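Understanding the architecture of this molecule
Listed here are the chains, written in short residue letters.
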Amino acid sequence: DRLFNTLVLSYARAGLLQQSLKTFHKMKEFGVPRSVFSYNTVFSILLRRGRTQMVSKLYHDMRLTDRITPDVYTFNILIRGFCLNSMVDEGFRFFKEMSRFRCCPDVVTYNTLVDGLCRAGKVRIAHNLLKGMRTKSPDLSPNVVTYTTLIRGYCEKQLVSEALDVFKEMGSRGVKPNPITYNTLIQGLCEARELDKIKEILQGVHDNGEFRPDTCTFNTLMTTHCNAGKLDEAMKMFDKMSELKVEPDSATYSILIRSLCQEGNFERAEELFDELEEKKILRRKEGCVPLVAGYNPIFEYLCAGGKTVKAERVFRQLLKRGTQDPPTFKTLILGHCKEDTLREGHEILVLMLRRDFVPDMETYDSLIEGFLRKREPGFAHNTLEKMLRSGHLPK
RNA sequence: CGCUUCAUUAUACUA
């Protein structure tokens with residue numbers, strides 16, 4: 001059971017959803033009964049991809065076919081999943097259903113609901129829910145996550161002073177803010193253009209050593225500067241990071257590279273891109289999960305300028321850990337076509353198909369035309385067949 | 001008991 005769960009999860013994390021589901025369905029064939037764990041795992045995977053209808057179906061299978069009793073985890077996963085897919089009411093339905101299974105909501109349950117309400121823009125209701133938590137039981141007292149969630153809720157509604165009130169309130173109730181709380185607040189203040197307030201707060205916590213700006217803090221501030229067209233300020237912050245020995249991560253580089261590309265400073269962008277590869281930033285486990293799409297501008301520049309090989313090196317690093325983005329595959333494939341390195345392009349096509357992405361007509365056309373031009377009818381034919389399987393009709 | 005669940009920063013899509 002455990003082996004299967006790990007497998008199911010790893011496939012999903014690698015972006016191979018079909019493989020992951022296949023594994024889940026094969027459990028029975030191997031004589032391994034599905035457990036709450038396996039259902040929970042698969043629910044969480046599907047909901048992350050927005051497959052709510054499939055989850056509802058499986059939930060029935062779970063109860064009626066396999067006769068498995070859901071646990072708190074199950075409900076937390078379901079509530080979160082439906083809330084995130086803008087079905088907050090459905091989330092509350094599951095919340096009410098918990099009692100039928102003698103299942104007690106925990107802090108995570110409430111936090112999830114608070115989050116769902118905030119994302120739906122119902123901050124006041126969320127705030128009331130938080131107040132209600134205190135009266136229920138000591139185990140259900142709002143914790144740092146609850147408060148941070150609410151702070152973000154207020155910030156998103158541009159209600160900065162309410163956010164600051166919540167921040168003060170948590171302090172007075174003895175809940176210590178953590179780095180995420182500070183970063184949330186800073187993000188909110190950035191959006192409200194209250195940069196002075198940020199300085200004030202950072203100064204205050206710096207003096208008593210409660211919070212040191214981390215990678216995320218810098219990324220937030222650099223993004224704000226970039227969006228305000230102050231790339232030079234952002235670059236200064238980047239220098240300051242190394243001064244303070246705060247490690248940059250993938251987000252740091254994609255922010256700067258992107259802005260440099262937008263300004264047309266491709267040389268500097270490429271330098272940072274090289275640094276990204278040299279420092280093996282993308283191989284590190286710590287830091288954020290790299291976002292492939294964040295590098296699209298530089299990929300486009302490189303692939304248009306005969307440097308597809310360099311782009312592909314980084315792209316392959318990103319494939320291992322990053323979240324996937326179909327258009328990036330296309331950029332690389334077209335780059336290879338342009339450089340007549342068609343087999344490499346074809347390899348990327350295969351990678352794409354393995355991830356269930358559907359290449360578009362233009363992608364197929366360029367490859368097939370390229371193969372014909374280079375007198376490789378075998379490959380051309382092979383690619384054509386893939387195209388038909390993708391549901392494209394040849395012109 | 002372990003594997004599954006909650007809050008912060010970077011992309012595009014969508015609006």
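It should be emphasised that the depicted structure is a prediction, and the values quoted were computed from it without experimental measurement. (Residues numbered from 1 in each chain as written. Chains lettered and ligands numbered in written order. Predicted model: local features only at pLDDT ≥ 70, side-chain atom pairs only at ≥ 80, totals over all residues. Heavy atoms only, no water.)

Low-confidence regions, as indicated by low pLDDT, have predicted coordinates that should not be scrutinised in detail. Within chain A, residue pLDDT values average 92, and 100% of them lie at 70 or more. The ipTM value of the predicted complex is 0.79, and its pTM value is 0.87. (pLDDT = per-residue confidence, 0-100.)

With that out of the way, let us pick up the protein's contact with RNA strand B. In the neighbourhood of RNA strand B, 40 residues make up the surrounding shell, with F37, Y73, N76, R258 and A293 lying closest. Sugar and phosphate atoms represent 43% of those atoms of RNA strand B found within 4 Å of the protein. A distance of 2.7 Å separates a base oxygen of RNA strand B from a polar side-chain atom of N111. Of all elements in the fold, only α1 (2-13), α3 (36-48), α5 (72-84), α7 (107-119), α9 (144-156), α11 (179-191), α13 (215-227) and α15 (250-263) reach the threshold of two or more residues within the surface near RNA strand B. Looking at the surface near RNA strand B residue by residue, the classes come out as 15 nonpolar, 18 polar and seven charged. (Near = heavy atom within 4 Å. Polar contact = N/O pair within 3.5 Å; in protein donor to acceptor, adjacent residues only side chain to side chain. Helix = DSSP H or I, 4+ residues; strand = E, 2+ residues; numbered from the N terminus. Nonpolar A, V, L, I, M, F, W, Y, C, P; charged D, E, K, R; others polar.)

Okay, unusual backbone geometry next. A positive phi angle is found at S86, which is not glycine, with a value near 50°. Within the element layout of this structure, S86 appears in the loop between α5 and α6 (88-97). Judged by relative accessible area, which is 66%, S86 ranks as exposed. Here the phi dihedral of K280 falls at roughly 55°; this positive angle occurs in a residue that is not glycine. Residue position: K280 is located in the loop between α16 (266-278) and α17 (296-304). (Buried < 20%, exposed > 50% of the residue type's maximum accessible area, 1.4 Å probe, protein only.)

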